[in-house]
Amino acid sequence: MSRQAALPLTPLANAGPRFELRAKKRGAGDLLLEIVQLPAPATPQVRAPAHLARLGGAKLALIESRVLKRLGREGAKLASLKTGERLVLSLPEPEAVRLVLLFRTLAPMRGREPMLACVRTIESMTREEASWWLGMVLHKKRPRRVLAALRLLASEAG
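Residues numbered from 1 in each chain as written. Predicted model: local features only at pLDDT ≥ 70, side-chain atom pairs only at ≥ 80, totals over all residues. Heavy atoms only, no water.

**A look at the overall build of the protein chain**
Check the secondary structure of the protein chain and you find five helices and four strands. Going from N to C terminus, the protein chain has its helices and strands arranged as β-β-β-α-β-α-α-α-α. On the principal axes, the C-alpha backbone points of the protein chain span a range of 70 × 40 × 25 Å. Sequence separation of at least 24 residues holds for 60% of the intrachain contacts in the protein chain that already meet a minimum separation of 6. Carbon and sulfur atoms form 54% of the exposed surface of the protein chain, whose accessible area is close to 10000 Å². Measuring between centres, the 28 positive side-chain charges of the protein chain sit 5 Å from its 13 negative side-chain charges. (Helix = DSSP H or I, 4+ residues; strand = E, 2+ residues; numbered from the N terminus. Contact = heavy atoms within 4.5 Å. Areas by Shrake-Rupley, 256 points an atom, 1.4 Å probe, with all protein chains shown as cover. Lys, Arg positive; Asp, Glu negative; His and termini not counted. Charge placed at Lys NZ, Arg CZ, Asp CG, Glu CD.)

As structure tokens, then:
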């Protein structure tokens, strides 16, 4: 009778999806944030860095304090960027999921109050709920419809 070696059940540090935040200061009060998914063993379909979401200008300025506060917990010092400087920061999956969902939802919006309602709704979501919505946005044939549904739910809740 042969014995098989038991594999340890310790989690691997890089077993999950990998995300990166790329920040660029374009001018005074003009920050551009972009989230990219990097190739990882957990995501074999991602063979090259994949752009997931981007937000900048006035739309980012509306929620910049909230985003900077969230990223500050991860050790990002975005407020100290000078014009023309870039910063690349590794993001944990829960933060990346929320930010991608937030950026994708806000990008086509125009009204201040509906945008703030969407921000409040997304920030109040559980990790699982935010992941489900992002999965729907990234993998459905018509993601605009999913985002429209999320905006509608946020306007009714807010």
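Moving on from the model shown.
**Overview of the confidence of the model for the protein chain**
Averaged over all residues, the pLDDT of the protein chain is 86; the fraction at 70 or higher stands at 91%. Here residues 6–10 is modelled with pLDDT under 50, and outside its nearest four sequence neighbours on either side it reaches zero contacts, counting other chains as well. (pLDDT = per-residue confidence, 0-100.)

**Observations concerning the pairing of strand β1 (residues 18–27)**
Along any regular strand the residues' side chains alternate between the sheet's two faces. Pairing analysis gives nine bridges linking β1 to strand β2 (residues 30–38), with the strands arranged antiparallel. Residue Leu21 lies in a different strand from β2, and its bridge partner there is Ile35. Counting the residues in the hairpin turn of β1 and β2 gives two residues, including Gly29, whose phi is positive at 70°. Judged from the six bridges that link them, β1 and strand β4 (residues 86–91) form a sheet pairing that is antiparallel. (Pairing = 2+ DSSP bridges.)

**Focus: the side chain of Lys25**
Locating Lys25 in the fold gives a position in strand β1. Buried charged residue Lys25 carries no salt bridge. Nearest counter-charge: Glu64, at 6.1 Å. If near-sequence neighbours (up to four positions away) are discounted, Lys25 is found in contact with Asp30, Leu31, Leu81, Lys82, Thr83, Gly84 and Glu85. (Buried < 20%, exposed > 50% of the residue type's maximum accessible area, 1.4 Å probe, protein only. Salt bridge = Lys/Arg side-chain N within 4 Å of Asp/Glu carboxyl O.)

**Quick notes on the sheet that holds β1**
As summarised here, the arrangement of the four strands in space is β3-β2-β1-β4, forming an open sheet in which the pairing is antiparallel. The outermost strands of the open sheet, each flanked by one partner alone, are β3 (50–56) and β4. Geometrically, the sheet is characterised by an average inter-axis angle of 20° between neighbouring strands, direction not taken into account. (Axes fitted to C-alpha atoms, helices over the stretch in contact; angles between N-to-C directions.)

**As for the pattern of salt bridges**
Going through the model one piece at a time under the given rule, you end up with five salt bridges. One salt bridge connects Asp30 with Arg26, and the closest N-O pair in it is separated by 3.1 Å. Classification of Asp30 by relative accessible area gives partly exposed; the value is 24%. Arg26 gets classed as partly exposed once you look at its relative accessible area, which sits at 40%. Glu95 is the salt-bridge partner of Arg70, the closest N and O atoms lying 3.1 Å from each other. Taken together, the residues span a long stretch of sequence, with Arg70 in helix α1 (residues 57–73) and Glu95 in helix α2 (residues 93–106) at a distance of 25 residues. The class of Arg70 is buried, set by a relative accessible area of 13%.

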